[in-house]
Each structure stands twice: as C-alpha cells, then as structure tokens.
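# Structural overview
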Amino acid sequence: MAEILINARGMQCPGPIVQLFKEAQNCASGDILCIEVTDHGFKKDIAAWCRKTKNELISLEDEGGVIKARIKKN
Amino acid sequence: MDTNKKTIVVFSGDLDKAMASFIIANGAAAMGNEVTMFFTFWGLNILRKPEKVKIKKSFLEALFGWMMPRGAGMLGLSKMNFGGMGASMMKTIMKQKNVSTVQELIESAQSLGVKLIVCTMSMDVMGIREEELIDGVEFAGVATYLGEADEANVNLFI
C-alpha cells in the first residue's frame, strides 16, 4: 500500500481538493493520501470531501496553521 | 463514488461572478460530480479568446463585439469596478494571496472534465462566432441545458 504526500501549502480554495481529487484518481484502494494545506476552510472541507467521495479521513491535525490530513482511499 | 450532477447557468460576465461560478464548478468536479456549465448572454465573454479574430460581421455585431470584454482577462467587477480600476485591484490582491485567475480556473475545470456549453442563441444575438471562443467548448440550446438540469440535484444561475 502506497503513501502519497501532497503539498498544497499556499493554495487557495478550491486548489487543495482539486489536487487531492486528481491524486486520488491515480491511487489504488487502501492507499494513504497525506495532504498539507494552509487554507483554513480545508478543515471542514476535507470532511465533506471524504463523505461525498466515500473515502476515509483517518486523521486531521492543525500544526501551527498547517492542516495535515490523512485519507485512506476506499 | 457518487456521480451526482450539477448544472450552472453562467449569465453574468463579471469577474467576481465568473470566479464564483468556476470555483464551484471545480469544487463540484473534485467532489466527483459531473458538472455542466451553460454560458448565455454576458457569460459568453468569459470564454472569448483574448486575441482579435478576423471575421466578417455586420456593423452592429462588430460594435457589440468591440464594446464587450474580450475574454476572462478583461472582465470587470460587478461592484466597485470604477472603469476597470476595481478589477485591477482585485487581480493584484488575488495574485498576492495566490488565488487562481479565471483563466486558470477555466483550464482546471476543463482538465477535470467540466462540460462548457455555449448558448447558440446568445452567440447569434451578440454576434459572437465559434472561432472567437476558446477551444473545448460545446454549442447547444436551452433543451440541452434543461435535459442536463433535470438530471442534476443542484442548479445555479449566476
């Protein structure tokens, strides 16, 4: 199972989810996507994205303004 | 993945409204939705090529074409435009804050498979020809839009 790191720091909405969606398309089921974002809206957005795309949000942390999310592709 | 459809009617040719339209379209596509955007009236200007295309037009058509913004880079704000000064200020701020331009959002939308459909009646009224619009757009009428909107669970008019 692969782990993919996506650096979406500095990107504004909708950049991070567009990036995440594109990467997720190339992933196999069970792969882990780690994304780092500085756009604050992403904290809520990632939950909605995971719900809609039926992927699993494993963890979500805010480390001094950098939001780090780990998502398992289903 | 859910394949819900979203449709957006882009009637406005204002910079701010074009941005909102394309941000929603990109977001929806990134949520796994099938997205169709219909461009009508002033919305056509968003899809115009920035360069002048040589075409034989009637005097009124040519005048209309000259009076309207040629492409996404030339749009004005719906409020506080002040003859284009407002739009330049907005674009400067957007650049500083790393917000995508309308042109970038259009490219992104196309790469995500968002369908861009142009209303042929509006093209006729405004004297805009296929050659004047960016590549990758489709041409249709209101029935195509209604057909898509019927299958969609979100429909916006911007």
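Residues numbered from 1 in each chain as written. Chains lettered and ligands numbered in written order. Predicted model: local features only at pLDDT ≥ 70, side-chain atom pairs only at ≥ 80, totals over all residues. Heavy atoms only, no water.

The next thing to look at is the overall build of chain A. Assigned secondary structure in chain A consists of 2 helices and 4 strands. Along its sequence from the N terminus, chain A presents helices and strands in the succession β-α-β-α-β-β. Relative to the 2.2 N^0.38 estimate, which gives 11 Å for 74 residues, the radius of gyration of chain A is 11 Å and therefore close to what a compact globule would have. Each principal axis of the C-alpha atoms in chain A carries an extent, and together these give about 30 × 20 × 20 Å. Per-residue burial over chain A gives 45% buried out of 74 residues. When contacts within chain A are restricted to residue pairs at least 6 apart in sequence, long-range pairs at least 24 apart make up 61% of them. Carbon together with sulfur atoms contributes 49% to the accessible area of chain A, which is approximately 3,800 Å² in total. Once the 11 positive and 10 negative side-chain charges of chain A are each reduced to a mean point, those two points are 7 Å apart. (Helix = DSSP H or I, 4+ residues; strand = E, 2+ residues; numbered from the N terminus. Rg over C-alpha atoms; globule rule 2.2 N^0.38 Å. Buried < 20%, exposed > 50% of the residue type's maximum accessible area, 1.4 Å probe, protein only. Contact = heavy atoms within 4.5 Å. Areas by Shrake-Rupley, 256 points an atom, 1.4 Å probe, with all protein chains shown as cover. Lys, Arg positive; Asp, Glu negative; His and termini not counted. Charge placed at Lys NZ, Arg CZ, Asp CG, Glu CD.)

Here we come to the environment of G71 of chain B. Here G71 of chain B shows up in the loop between α2 (59-67) and α3 (85-96). For G71 of chain B and E132 of chain B, which are 61 residues apart along the polypeptide, the C-alpha to C-alpha distance reads 9.4 Å.

Attention now goes to helix α1 (residues 15-30) of chain B. Taking 1.5 Å per residue as the helical rise, α1 of chain B with its 16 residues ought to reach 22 Å, and the 22 Å between its terminal C-alpha atoms agrees with that figure. G32 of chain B sits one or two residues past α1 of chain B and shows a positive phi near 90 degrees. (Expected span 1.5 Å × (residues − 1).)

Before going further, it helps to examine α3 of chain B. An α-helical turn contains 3.6 residues, so any two residues separated by three or four positions project in the same direction. Compared with an ideal rise of 1.5 Å per residue, which puts 12 residues at 16 Å, α3 of chain B spans 17 Å between its outermost C-alpha atoms and is within 8% of the ideal. Downstream of α3 of chain B by a residue or two, N98 of chain B has a phi angle that is positive, lying close to 60 degrees.

Before going further, it helps to examine the sheet that holds strand β4 (residues 66-72) of chain A. Remark on secondary structure: sheet strands pair via backbone hydrogen bonds, oriented parallel or antiparallel. Residue and element names in this part refer to chain A. The 4 strands lie next to each other as β1-β2-β4-β3, forming an open sheet whose pairing is mixed. The outermost strands of the open sheet, each flanked by one partner alone, are β1 (3-8) and β3 (56-63). Direction aside, neighbouring strands of the sheet carry axes that sit 15 degrees apart on average. Pairing analysis gives 6 bridges linking β1 to strand β2 (residues 32-37), with the strands arranged parallel. Along β2, the bridge assignment pairs L5 with C34. Sheet strands touched by helix α1 (residues 15-25): β1, β2 and β4. Its angle to β2, the strand with the most contacts, is close to 160 degrees. (Pairing = 2+ DSSP bridges. Axes fitted to C-alpha atoms, helices over the stretch in contact; angles between N-to-C directions.)

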